[in-house]
Amino acid sequence: MAENKPVRHAAIIMDGNGRWAEKRLLPHLEGHRRGVEAVKKTIEASRELNIEYLTLYAFSTENWKRSQEEVDGLMNLLDEFIEANLDEFNRNNIKLAVSGRVSGLPESVGRKVARAVELTAGNTAGTLILALNYGGRAEIVDAAVKIGRKLLKNELQPEEITEELFARNLYVPGIPDPDIMIRTGGEFRLSNFLLWELSYSEIYVTEVLWPDFDKGEFIRAIEWFNRRKRRFGGR
Ligand code: IPE
Ligand code: IPE
Ligand code: MG
């Protein structure tokens, strides 16, 4: 069997925090808090596994439907996470990028995230992409709007719109599509994650709830990936 190329980009739907907390009769927010611990372990593991790009789905455009208390709690955790880990990113030469409608985040969080992106922009050992206020359909619409503006200004002709040009107008251009998409929490759905980018990604679903995800589970997913035969429509 032909060997797969190594994973350069892993994308993760970090699901199951609520169920993790419910099983323990704890508030949902405690599940999210433990989820942040799993995020730290996963970032470290991805460095050890030489994964260049790690995209984590942290908050979707649909997650605003949750209670104000849960949304506020998640935003606070995000704020704290950036604050507590910025130095560590720089120590480890990790670049932070954000995918999503940053302008729709609470202003203080948006500012903190933008600052962290700026302060890590020169780092080269790996890229952590946080999908925040992210929706796959919103990303495609936002790309179409950017392209539309260029058409109106005559900077672009309709015939020049190719898949490559379209991809260059997505939130985080210039990076390879995810090789593997991991979803914890056992649901077999995309929940509006990376609709464009996941076209040919291998999809791995595990019952493990996000707060229980760790390096061992990550390695299990990568080993599963290594047994897949990617065809990209060919033989
Ligand atoms: C995922 O955990 C985290 C976010 C959506 C921010 P959930 O809170 O969706 O966990 P479950 O699906 O209810 O278990
Ligand atoms: C997907 O999980 C979003 C994130 C992990 C940030 P959800 O819990 O929001 O997805 P659904 O509602 O089960 O589809
Ligand atoms: Mg969920």
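Counting restarts for each chain: residues are numbered from 1 in the order of the written sequence. The naming scheme follows written order: chains are lettered A onward, ligands numbered 1 onward. Note on the predicted model: pLDDT of at least 70 is required for a residue's local features to be given, and 80 or more for side-chain atom pairs to be given and counted; whole-chain, interface and lining totals, by contrast, use all residues. Water and hydrogen atoms were dropped before computing side-chain values, which therefore reflect all heavy atoms in the structure.

Scanning the chain for helices and strands turns up 7 helices and 6 strands. For helices the rule is a DSSP run of H or I covering at least 4 residues; for strands it is a run of E covering at least 2, with both sets numbered from the N terminus onward. In the chain, the succession of helices and strands from N to C terminus is β-α-α-β-α-β-α-β-α-α-β-β-α. A compact globule built from 235 residues would reach a C-alpha radius of gyration of about 18 Å, and the chain, at 18 Å, matches this within 12%. When the backbone C-alpha atoms are referred to their principal axes, the chain occupies close to 55 × 50 × 35 Å. Only protein chains enter the accessibility calculation, which uses a 1.4 Å probe. A residue is then buried if its area is under 20% of the maximum for its type, exposed if over 50%, and partly exposed in between. Sorting the 235 residues of the chain into buried and exposed places 47% on the buried side. Throughout, radius of gyration means the C-alpha value; the globule benchmark is 2.2 Å times the number of residues raised to the power 0.38.

To continue, consider helix 2 (residues 28-48). If you check helix 2, its first and last C-alpha atoms are 30 Å apart, about what 21 residues at 1.5 Å a residue would give, namely 30 Å. Among all positions in helix 2, only Gly31, His32, Gly35, Val36, Ala38, Val39, Thr42, Ile43, Ala45 and Ser46 are buried. A positive phi of about 60 degrees marks asparagine 50, the residue just after helix 2. Here the expected span of a helix is defined as 1.5 Å times the quantity of residues minus one.

The next point concerns helix 3 (residues 68-91). The first and last C-alpha atoms of helix 3 sit 35 Å apart over 24 residues, in line with the 34 Å expected at 1.5 Å per residue. Asparagine 85 marks the point of greatest bend in helix 3, at about 45 degrees. Positive phi appears at asparagine 93, one or two residues downstream of helix 3, with a value of about 65 degrees. The bend at a residue is defined as the angle formed between two axes, one fitted to the seven residues ending at that residue and one fitted to the seven starting there.

Whether a residue is near a molecule or strand is decided by its heavy atoms; if any one of them lies within 4 Å of it, the residue is near. The immediate surroundings of ligand 2 are formed by Ile13, Met14, Asp15, Tyr57, Ala58, Phe59, Asn63, Arg66, Arg183, Arg189 and Ser191. Aspartate 15 is positioned such that a nitrogen or oxygen atom in its side chain is 3.2 Å from an oxygen atom of ligand 2. The term polar contact refers here to a pair of N or O atoms within 3.5 Å; inside protein, the definition further demands a hydrogen-donor-capable atom paired with an acceptor-capable atom, and it admits residues adjacent in sequence only when both atoms are side-chain atoms. Between ligand 2 and arginine 66 there is a distance of 3.2 Å, counted from an oxygen atom to a side-chain nitrogen or oxygen. The fraction of the free accessible surface of ligand 2 (390 Å²) that becomes covered by protein chains is 78%. Residue classes follow a fixed rule: Ala, Val, Leu, Ile, Met, Phe, Trp, Tyr, Cys and Pro count as nonpolar, while Asp, Glu, Lys and Arg count as charged, and any other residue, Gly among them, counts as polar. In terms of residue class, the shell around ligand 2 is made up of 5 nonpolar, 2 polar and 4 charged. For every accessible area listed, the method is Shrake-Rupley and the probe measures 1.4 Å; residues are considered covered only by the protein chains on display.

Moving on, we get to the site of ligand 1. Around ligand 1, a shell composed of Met14, Asp15, Gly16, Asn17, Gly18, Arg19, His32, Ala58, Asn63, Arg66, Glu70 and Leu74 is seen. A distance of 2.8 Å separates an oxygen atom of ligand 1 from a polar side-chain atom of aspartate 15. With respect to ligand 1, the side chain of arginine 66 contributes an N or O atom lying 2.8 Å from an oxygen atom. When ligand 1 is considered free in solution it has 380 Å² of accessible area, and contact with the protein chains removes 83% of it. Put simply, the parts of the chain that give the shell around ligand 1 at least two residues each are helix 1 (17-23) and helix 3. The leading source of residues in the shell around ligand 1 is helix 1, at 3 residues.

The criterion is simple. A nonpolar core is a set of buried Ala, Val, Leu, Ile, Met, Phe, Trp, Tyr and Cys residues joined through side-chain atoms within 4.5 Å. The biggest cluster of nonpolar side chains holds 42 residues, and the ones touching the most others in it are Ile12, Leu128, Leu130, Ile180 and Phe218. Top element by residues in this core is helix 3. It accounts for 9 residues. Here isoleucine 180 is in contact with Val7, His9, Ala10, Ala11, Glu202, Tyr204, Ala221, Trp224 and Phe225, once residues within four sequence places are set aside. Formed by 11 residues, the second largest nonpolar core is a distinct cluster that contains Tyr171, Met181, Leu194 and Leu198. It only takes one pair of heavy atoms within 4.5 Å for two residues to be counted as in contact.

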